[in-house]
Amino acid sequence: MIKKLKNRLSSNSFLIIITILLFLLMYIGGVIIFKDKNFGRMQVFLNLFISNAGLIVAAAGMTVVLISGGIDISVGSVVAMTCMLLAWMMENKGINAVTAVIVVLIVGIVFGFVQGWLISYLKIQPFIVTLAGMFFARGMTAVISVDMITIKNEVFLAMAKSKINLPFGGSVNKRGVLIRPYIYPSVIICILVLIVLFFVMKYTKFGRSIYAVGGNEQSALLMGLNVKKTKIKVYVLNGFLSALAGFVFCLNTTGGFVEQAKGFEMEAIAAAVIGGTLLTGGVGNVIGSLFGVLIKGTIETFITFQGTLSSWWTKIVIAVLLCLFIILQSVLMNLKWNKRKKINQV
Amino acid sequence: MNKIKHIWMKITGFSLFFPLLCLAVVLVINLIRTPDFFRISMNNGVLYGYVIDILNRSSELIILATGMTLVVAASGGTDISVGAVSAVAGAVCIYSLIGGASSDVYRIPYVLALVLGILAGTACGVFNGFLVAKLHIQPMVATLILFTAGRGIAQVLTQGFILYVRKESFKYLGNFLPGIPVPTPIFIAALVVILTILLLKRTSLGLYIQSVGVNRIASRLVGLNSSLIIFLVYVFSGFCAGIAGMIITSRVYSIDANNAGLNIELDAILAVAIGGNSLGGGKFTLIGSVIGAITIQALTTSLYAMKVTADQLPVYKAIVVVIIVAIQSPVVKRWMKAVRHKNALSGNRKKVKA
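Just so you know, these numbers come straight off a predicted model, no measurement behind them. (Residues numbered from 1 in each chain as written. Chains lettered and ligands numbered in written order. Predicted model: local features only at pLDDT ≥ 70, side-chain atom pairs only at ≥ 80, totals over all residues. Heavy atoms only, no water.)

Another aspect to go through is the overall build of chain B. For chain B, the count of helices and strands is 15 helices and four strands. Principal-axis analysis of the C-alpha atoms places the extent of chain B at approximately 85 × 55 × 35 Å. Relative to its full complement of 354 residues, chain B shows a buried share of 51%. For chain B, restricting intrachain contacts to residue pairs at least 6 apart in sequence, the fraction spanning at least 24 positions comes to 73%. Total accessible area on chain B is roughly 16500 Å²; 68% of this is exposed by carbon and sulfur atoms. (Helix = DSSP H or I, 4+ residues; strand = E, 2+ residues; numbered from the N terminus. Buried < 20%, exposed > 50% of the residue type's maximum accessible area, 1.4 Å probe, protein only. Contact = heavy atoms within 4.5 Å. Areas by Shrake-Rupley, 256 points an atom, 1.4 Å probe, with all protein chains shown as cover.)

Looking now at helix α11 (residues 227-253) of chain A. Residue and element names in this part refer to chain A. The end-to-end C-alpha separation of α11 is 38 Å, in line with the 39 Å expected for 27 residues at 1.5 Å each. Where burial is concerned, most of α11 is hidden: 19 out of the 27 residues are buried. Backbone geometry just after α11 places T254 at a positive phi near 45°. (Expected span 1.5 Å × (residues − 1).)

A word on unusual backbone geometry. A positive phi angle, near 55°, is found at A:K123, a position not held by glycine. You can see A:K123 is positioned in the loop between α5 (97-120) and α6 (126-144). Accessibility expressed as a relative area gives 44% for A:K123, which makes it partly exposed. Positive phi, close to 55°, is recorded for B:H136, a residue that is not glycine. As for its placement among the helices and strands, B:H136 is situated in the loop between α6 (110-134) and α7 (139-158). Judged by relative accessible area, B:H136 falls into the partly exposed class, the value being 48%.

Turning our attention to the interface of chain B and chain A. Facing 45 residues of chain B, the contacting portion of chain A comprises 41 residues. Carbon and sulfur atoms supply 82% of the area buried between chain B and chain A, which totals about 3600 Å² over both sides. Sorting the residues of chain B by area buried against chain A places B:M140, B:L266 and B:D311 first, and these three jointly supply 14% of that buried surface. On inspection of chain B and its partner chain A, the count reaches zero salt bridges. Counting the contacts that link chain B with chain A gives zero residue pairs in polar contact (both at pLDDT 80 or more). Elements with a contribution of two residues or more to the side of chain B that touches chain A: α6, α7, α12 (264-274), α14 (313-328) and α15 (330-353) of chain B. Here the side of chain B that touches chain A gets 12 residues from one element, more than from any other, and that element is α7(B). (Buried area = accessible area lost by both parts, 1.4 Å probe. Salt bridge = Lys/Arg side-chain N within 4 Å of Asp/Glu carboxyl O. Polar contact = N/O pair within 3.5 Å; in protein donor to acceptor, adjacent residues only side chain to side chain.)

A few words on a nonpolar patch on the surface. All names here are of chain A. On the surface, V98, I102, I106, V110, F113, V114, W117 and Y121 cluster together into a nonpolar patch covering about 730 Å² of accessible area. Among the structural elements, I102 can be located in helix α5. Since its relative accessible area comes to 46%, I102 is described here as partly exposed. (Patch = residues over 30% accessible without salt bridge, like charges linked within 9 Å, V, L, I, M, F, W, Y side chains within 5 Å.)

A separate point is the nonpolar core. Membership of the largest hydrophobic core comes to 206 residues, with the highest contact counts inside it found for A:I73, A:L86, A:I128, A:F156, A:I269 and B:I209. Broken down by element, this core gets its largest block of residues, 17 residues, from helix α3 (residues 42-67) of chain A. If near-sequence neighbours (up to four positions away) are discounted, A:I128 is found in contact with B:I269, B:L270, B:A273, B:L279 and B:V325. (Core = buried A, V, L, I, M, F, W, Y, C linked by side-chain atoms within 4.5 Å.)

Before going further, it helps to spend a moment on the packing of helix α8 (residues 185-203) of chain A against α11(A). All names here are of chain A. Packing of α8 against α11 brings their axes to within 9 Å, and their N-to-C directions diverge by 160°. With respect to their mutual orientation, α8 and α11 come out roughly antiparallel. Here α8 runs over α11; the crossing is left-handed. Counting all contacts with α8, which are made through S186, I189, V193 and L197, the residues of α11 involved are L237, L241, L244, F247, V248 and L251. Residue composition of the contact of α8 with α11, grouped by class: nine nonpolar, one polar and no charged. (Axes fitted to C-alpha atoms, helices over the stretch in contact; angles between N-to-C directions. Parallel < 35°, antiparallel > 145°, perpendicular 65-115°, else oblique. Left-handed = near helix turned anticlockwise from the far one by under 90°. Nonpolar A, V, L, I, M, F, W, Y, C, P; charged D, E, K, R; others polar.)

Here it is in structure tokens:
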């Protein structure tokens, strides 16, 4: 029994369990500390999703890329480009909202394909390719428009701001009126993405080959997997998800400007790492990344509820957490390494 | 004929050939578009001109690229925290100099503040090095911590304000020393590069770094202290970031924790890649990285000269970078070799027929 538990603990799910526990701990701590400010309301929890929907989608895509052993730092710029393109198409060209969204998603896919081709067929390091992609997308944002564009398209605004009331978890306010917690459509999109990705990664051939390629490219090749094709698919998928994240992000901000979503990619990577994804590839889970994002959201909520701390403390706390998790990961990896050594000795 | 071919092969085989070619192409395009590109004039006792400007503005990048090259060579990873670290160093320097508000009164001697700033950068390097060398964390993840926290720490010092130092002597480091027509940053960059090269060539440190980069475990078995070397390399990168931070702050005689050295880490990594260094570690050329840094700055300056706005600049930069890196990629190189080989074969056949 203990041995079984030990096996479980030193396996990779341990990292995710710690992340989830940490999130719960922080959240319960918040509920106790900010009791008079109603931290425990359902809406506060849902706001985590509402304000971070784009990041959740981007972090999920990033997780897939990291599992495949690559990295994509162009995500933030692609998000900015998507927002700007959406705003420009709808406001300056009068294209209807649905077409604009479809065009944007296609642009994301093409972008991902080009990056994937450069990475897998020309064998250039992913970091450099996506670095160039990052410059390119950020520059294209400025080429489309240097000024900020605010979206006034009615269909799009309806998508963005139609509240969906939940049937449960309502609270009664001071006047005795029942207020139902609500979410926006963007939350539904991000949850759907998570569910689909979770099953794809766990139960499809494509998902398993991503793990195999990330774990050891050479072995995957020898096993007969098409490494190049898998890698291209991963980057295409991530290009699509980045564009989708941009769309979701745009639902929140309803506008496009050049400096938007700066540092988004690093937040996504941080969320994935906190969620137990190894940057060497082969290990990770999209659910972990979700909790990584939620932890970041909780810290931000803390800071707004607290009121006197400045926004830069978010960065510092995130970095401290990142540090803790990274050290934990390395300790765990060392444990695993020792175990393997023992087996070899036997 | 054969001799020419032989010389040509020798030139193209030279490791700095591609980086130099890239720089030459950028410069020639410039020369065509702006005929007085290479003109240098004296104005108010200082030198002016595109070339001086490129060298001047690329100094920080050269210094950072020097540290980055060693990091890449020894650990096969990148230090993405250098931009944030130089912001920290700048903030420490200015905070210790004038305190938390803009002023023109020094609290401590200027030199001491510079030393403190560089020490702050070095301390960040020690932190990165400890994580990478002792805890065996992937370089990018380890430096991601300071990348995220660095600007936060700098902002804690500046309290989110832009601090100005309104004193003439503070501008010397990033602009001109009185009576000397060449910008000071060029001297500093040259000094850093020359001292580093001397250090690497005169001692066996350069060889050790290559060896560790090629195979960390094998180097350890041979008797090198791999961890120590990787640790030192990161400390050096932090040290370089500290110096670069001093130049950046002195150039604008202020510290803006949010924007000082923003995205410069990406340029530094690009400089290393354009310089022909493999990002996988191992063999490296410092001079290549220096040429890479100058190429990037030349590209930036010439795009500005062609009236491209600062926001649109990245598009062109990205396209050029992709082309340069694609040419140097192993697949394209192998393909070119195959073509060359084929040519040589057909040449031989012609000879046989004749």
